[in-house]
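Here's the letter readout for the chains.
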Amino acid sequence: MQVNDTMEPGLANTDKIRLNRREFLKRSAVTAATVGTGFGIKRVYALKGKSSVAEKKVIVIGIDGMDPRLSQEMMNEGKLPNFDKLRKSGGFSILGTSIPPQSPVAWANFINGAGPGSHGIFDFIHRHPEEQCVPFFSVTETVAGKGYWEIGDHKLQLDFWPFNHKPPATLLRRQGIPFWDYLDEAGIYSTFYDLPSNYPPSPSKYGRHRCLAGMGTPDMLGTYGTYQHFSEDGPLVTKDEGGGKRSMLFFENETARAKLIGPRNDFLKNPEPVTIEFVVYRDIKAKAAVIEIQKHRIPLKEGQWSHWVKLDFEMSKPGFNRHINGICRFYLPEVSPNFRLYVSPINADPSNPAIKLTEPPAFVKEISNRLGLFYTTGFQEDHKALSNKVFTDEEYRIQADYVLQERLNLLDYALENYDDGLLFFYFSSTDLQAHMFWWDTDEKHPTRSAEDAVKYFNHLKGIYGRMDSVVGDIMKRYGDKATIIVMSDHGFANFKRQFSLNSWLRENGYLYPPDSTSILRDVDWSKTRAYGLGMNGLYLNLKGRERDGIVEAGGEREELVEELINKLEAVRDVNGRNVIHKAHRTDKTYTGPATRLAPDIVVGYSRGYRASWATCLGDMTKEVLLDNDSAWSADHCADASEVPGVIFSNKPIGADAPSLVDVAPSILTEFGLNIPHSIEGKNIFTT
Ligand SMILES: [Zn+2]
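Procedures and definitions
- Residues numbered from 1 in each chain as written.
- Predicted model: local features only at pLDDT ≥ 70, side-chain atom pairs only at ≥ 80, totals over all residues.
- Helix = DSSP H or I, 4+ residues; strand = E, 2+ residues; numbered from the N terminus.
- Buried ≥ 20, exposed ≤ 12 C-beta atoms within 10 Å, placed from the backbone.
- Contact = placed C-beta atoms within 7 Å.
- Pairing = 2+ DSSP bridges.
- Axes fitted to C-alpha atoms, helices over the stretch in contact; angles between N-to-C directions.
- Parallel < 35°, antiparallel > 145°, perpendicular 65-115°, else oblique.
- Nonpolar A, V, L, I, M, F, W, Y, C, P; charged D, E, K, R; others polar.
- Core = buried A, V, L, I, M, F, W, Y, C linked by C-beta atoms within 7 Å.
- Domains from an automatic or database assignment.
- pLDDT = per-residue confidence, 0-100.

Caption draft 1: Geometry of the overall build of the protein chain. A count of helices and strands for the protein chain gives 17 helices and 35 strands. Burial analysis of the protein chain (687 residues in total) assigns 49% to the buried set. Within the protein chain, contacts between residues separated by at least 24 positions form 66% of all contacts whose residues are at least 6 apart in sequence.

Listed below in C-alpha cells is the structure:
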C-alpha cells in the first residue's frame, strides 16, 4: 500500500447515493404498479435497472473455515440447534472448496461463481516469472508511479502533465466478473460486509452495490497486520519478526520515551516511515502506566486494553504537509519487572480513511458514524502476536473476542440497514481462531499441554455455538421473508507435520545445487527444473515463460509433470503415512482466460500435513519432513477433497455435490436472473 495524494479521499457522496436509492424505489414502485400482476420476474433483468424484483431478500452468512466434521458432530450432540433445524429440513450439504483450498482462492470462486481460471488467484502468493520467481501477494498489487518532479528531499507527482506520468496505485488483481455486477445491472441492491478477496473494493457501475472490504485489506504500514511491542528486554534496534516489530523501552525515573512507527512517506525521494513519539509513565506499586501520545492521555492497569486511539501522521511534502489518520489500541500485559506494551497494527481510520475501504468510499464513514472506530484490516485477529509469543493463548482469545464483538455490532448495523436485495456478512472467528485453537486429537500439541489443547478446542466449539445463535436470530427475523444461506469456504484439519517441497525437489535432483537454501538466493537456474512457492504451488522452470527457464515446452514438460506427480503422490512419512493426497496438474484442472500465473502443479496434502513454513517463500530446510512447532497448529491448505466446507439454507438443497462456484448462480436464480456465461456453477436448489 502507498499513501499519497492520489488515494481515495473518501468522498462524501453518501447523500447522493441515498437520494438515488429513494428515487429509484419510488420509480420502481410506479413501474410495478403500471405493469400489474403480469410483471414477470424474468423480465426484470431485461429492464436493466428500471426496477427490482419486488422486495426479494437473500441473506448470506459466510463463516470462514466452518468445518463439516465438527459441525455434524456438534449437531448430533444437540449443540447447534439452529443449524440442526436447517439440516433436518433438507438445507444442509458439504460444500466443495477450491483447488487449492486457500481462503483468497476460495472466496474468489464464490465471487465469480467460477474457478481460478476465471479470477486468476491461485494462492496467497504468486511469482513474477519474468523476474525469476520474485514473490508477491496474489490479490492486491501496488504499482509504482511514474513521472515525478524532484524538490530537495521530496518528489512531487506530475499529475497535471499530460504525458509520461502515472500515479502510484493499489490494484485489485482479481479478474472476471463478480456476480454482484449482474445484480447491480438488474436493479437489485447488494451489500457485503468484510468480503475477502476484494481489496480495493471493485466499483459499482449502477450504484446499487456496496462493499466493506475484508481479508486482503492492509494496515497503515501496508502490511497484513504489524503489531509493535515495546519492552525493557527488547532489542536496542527495532527488530522485525514477521507480523510485528520489537523495540526496547528504557525507563529513567519511571519514564520512558519511544517512537511508534507509522506509514511510509512516499513524498520523500527515499521513502521512510513517519513516526510518532510517545511517553510512558509507569507506577510499579499501582501496577499501572499512563501513555501520552499526541493529545491522548491513556491510563492503563496491568492486563488492560485501551479503546481505539486516533493518531495523526504528518507527512512532509512540498507545499503543505499531508495528514493521514490511523487508529490503534494499546494493551499493557506487564508493568514489572519487565515492562511490556503491545500496540495493535495501525488500522486505517474508518471515520476518515486514507485508503479505499468501501464501495462507495463514503460507506465506511456512514458505518463509523454509528459504530465509532473498529478494525479495518483484513486479518483482525492478531495470530502473529500469538505465534511470536507476544500474546499468550488467553491473551489471543481475549483479543479475538474483541474482534468478534465488533463484528456482532456490525451485524446489528447491517440488519438494521437492510431492506431487500442481497445481504452478505462475513465472520473470520471460525478461521483465525481455528488456526490457533483447533486440535481434535490426543496426540501432543506443538505448543500446548494436553489439558490446554482440550480447553481451547472447546473454546472454538463455543464459537460455533455463537454462530448458531447468530443464525437463530436471523432465522427468527427473516426465516419466512428471506432465502437464507450460511456457508463456509473450506473446513479444517490439524497441522502436525510440514513438508518442505523445495527440499524434496533438491533431494530428488530437480533443484540445484544440493547445498542451496532458497530459490530467491542461491539456486542454479541453469540446472533447476522445478521449484515450489506459496502454500500449494509447484512451478516448472519453463523455457520462454520463466526468465531463466530450461524445461522445453511439449514433450519434456509433459514427461516432467507426470514424473513429479507420480513421485509426489508416492511420498511417505516415517510412519508410512501418505503425505500428499493428490497432485493436480493445472492444465487439466483450470479452464478460463486467467491462467497465466497458475502453477503447473497444485500440491494437495493429506490431512495433518501442509507445506512447510519455509516453502511458502521459497526457502529450504535440511529435512524434507519435519514437525510443525508453531502455535498456528491447524490449517486447511491441504487437498480440496480433505477439507470441504459446509452450506446450510432454509430452502432444501437439491444438488448432490454443491461447490463454492454454485453459490453465486443460486443467488442470481433466487432473484429471477438467468445464469450468465461467465459463471461455471449451477443452482444448488434444483437437482
Ligand atoms: Zn478461509
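From this point, the narrative continues.
Caption draft 2: Looking closely at the environment of Asp-573. Following the sequence through the fold, Asp-573 ends up in the loop between helix 14 (555–569) and strand 30 (580–585). Note on Asp-573: 16 C-beta atoms within 10 Å, which makes it partly exposed.

Caption draft 3: Molecular detail of the sheet that holds strand 13 (residues 244–248). With mixed pairing, 6 strands are arranged side by side in an open sheet as 12-13-11-22-21-18. Strand pairing shows two members of the sheet lacking a second neighbour, strand 12 (239–240) and strand 18 (304–305), which therefore form its edges. Note: strand 11 (residues 227–231) against strand 13, 5 bridges, orientation parallel. The residue bridging His-229 from the neighbouring strand is Arg-246, located in strand 13.

Caption draft 4: The packing of helix 11 (residues 429–437) against helix 12 (residues 450–478), seen in detail. Running from amino to carboxyl end, helix 11 crosses helix 12 at an angle of 170°, the nearest separation of the two axes being 9 Å. The orientation of helix 11 relative to helix 12 falls into the category roughly antiparallel. Here Ser-429, Thr-430, Gln-433, Ala-434 and Phe-437 of helix 11 lie close against helix 12, whose contacting residues are Tyr-456, Phe-457, His-459, Leu-460, Ile-463, Tyr-464 and Met-467. A per-class count over the contact of helix 11 with helix 12 returns 8 nonpolar, 4 polar and no charged.

Caption draft 5: Seen up close, the sheet that holds strand 15 (residues 272–283). Taken in spatial order, the 4 strands line up as 14-15-16-17 in an open sheet, and their pairing is antiparallel. Each edge of the open sheet is held by one strand with a lone partner, namely strand 14 (255–265) and strand 17 (296–301). Adjacent strand axes in the sheet meet at a mean angle of 25° when their direction is disregarded. In this structure, strand 15 lies alongside strand 16 (residues 288–293), joined through 6 bridges in antiparallel fashion. Across the sheet, Val-279 pairs through a bridge with Glu-292, a residue of strand 16.

Caption draft 6: Seen up close, the environment of Val-390. Here Val-390 is to be found in the loop between helix 9 (383–387) and helix 10 (393–416). For Val-390 and Arg-340, which are 50 residues apart along the polypeptide, the C-alpha to C-alpha distance reads 9.4 Å. Residues within four places of Val-390 in sequence aside, it is in contact with Tyr-227, His-229, Gly-244, Tyr-342 and Ala-385.

Caption draft 7: Examining helix 4 (residues 81–88) more closely. Among the residues of helix 4, Asn-82, Phe-83, Asp-84 and Leu-86 are the ones counted as buried. At the exit of helix 4 stands Gly-90, carrying a positive phi of roughly 90°.

Caption draft 8: Structural detail: the nonpolar core. Counting residues in each nonpolar core, the largest one holds 173 residues, and the members touching the most others are Val-60, Leu-212, Phe-424, Ala-530, Val-603 and Ile-667. The biggest single contributor to this core is helix 12, with 9 residues. Counting contributing residues, this core receives three or more from each of domain 1 (56–139 + 174–217 + 378–492 + 643–687) and domain 2 (507–634). Excluding anything up to four places from it in sequence, Leu-212 contacts Phe-192, Tyr-193, Asp-194, Leu-357, Thr-358, Phe-363, Val-364 and Ile-367.

Caption draft 9: Representation of the pairing of strand 4 (residues 134–137). With 4 bridges connecting them, strand 3 (residues 125–128) and strand 4 associate as antiparallel partners. What sits directly across from Arg-127, in strand 4, is Pro-135.

Caption draft 10: Region of the structure containing the environment of Asp-64. With respect to the helices and strands, the residue Asp-64 is situated in the loop between strand 1 (57–63) and helix 3 (68–76). Residues in contact with Asp-64, not counting those within four places in the same chain, are Ser-103, Tyr-426, Phe-427, Ser-428, Thr-430, Asp-431, Ser-488 and Asp-489.

Caption draft 11: Looking closely at the pairing of strand 13. Pairing geometry for strand 12 and strand 13, over 2 bridges, is antiparallel. Residue pairing in the sheet places Asp-240 in a bridge with Lys-245 of strand 13.

Caption draft 12: Layout of unusual backbone geometry. Cis geometry marks the peptide bond from Ser-336 to Pro-337; its omega dihedral reads 5°. Along the chain, Pro-337 turns up in the loop between strand 21 (330–334) and strand 22 (340–343). Residue Pro-360 follows Glu-359 across a cis peptide bond; omega there is -10°. Backbone geometry at Cys-133 places phi at a positive 65°, although glycine is not the residue there. Structurally, the position occupied by Cys-133 is in the loop between strand 3 and strand 4. Positive phi is not limited to glycine here, since Asn-253 has a value of about 55°. Within the secondary structure layout, Asn-253 lies in the loop between strand 13 and strand 14. Among the residues examined, Asn-253 registers 7 C-beta atoms within 10 Å and is labelled exposed.

Caption draft 13: Broad picture of the confidence of the model for the protein chain. For the protein chain, per-residue confidence averages 90 on the pLDDT scale, and 89% of positions sit at 70 or higher. Low confidence marks residues 1–51, where pLDDT is under 50. Its contacts with residues over four positions away, or in another chain, come to 69 contacts.

Caption draft 14: Looking closely at helix 17 (residues 663–670). Counting buried residues along helix 17, 7 of its 8 residues qualify, which places the element largely inside the surrounding structure. For helix 17, every residue scored as buried is listed here: Val-663, Ala-664, Pro-665, Ser-666, Ile-667, Leu-668 and Glu-670. Where helix 17 is buried, its residues contact strand 1, helix 5 (103–112), helix 7 (180–185), strand 25 (421–427) and strand 26 (483–487). Looking one or two places after helix 17, you find Gly-672, whose phi comes out positive at around 80°.

Caption draft 15: Region of interest: the packing of helix 10 against helix 11. Here helix 10 crosses helix 11 at 175°, and the two axes come no closer than 11 Å. Comparing their axes, helix 11 and helix 10 come out roughly antiparallel. Packed against helix 10, whose contacting residues are Tyr-396, Ala-400, Val-403 and Leu-404, the element helix 11 presents Ser-429, Leu-432, Gln-433 and Met-436 at the interface. Residues of the contact of helix 10 with helix 11, tallied by class, amount to 6 nonpolar, 2 polar and no charged.

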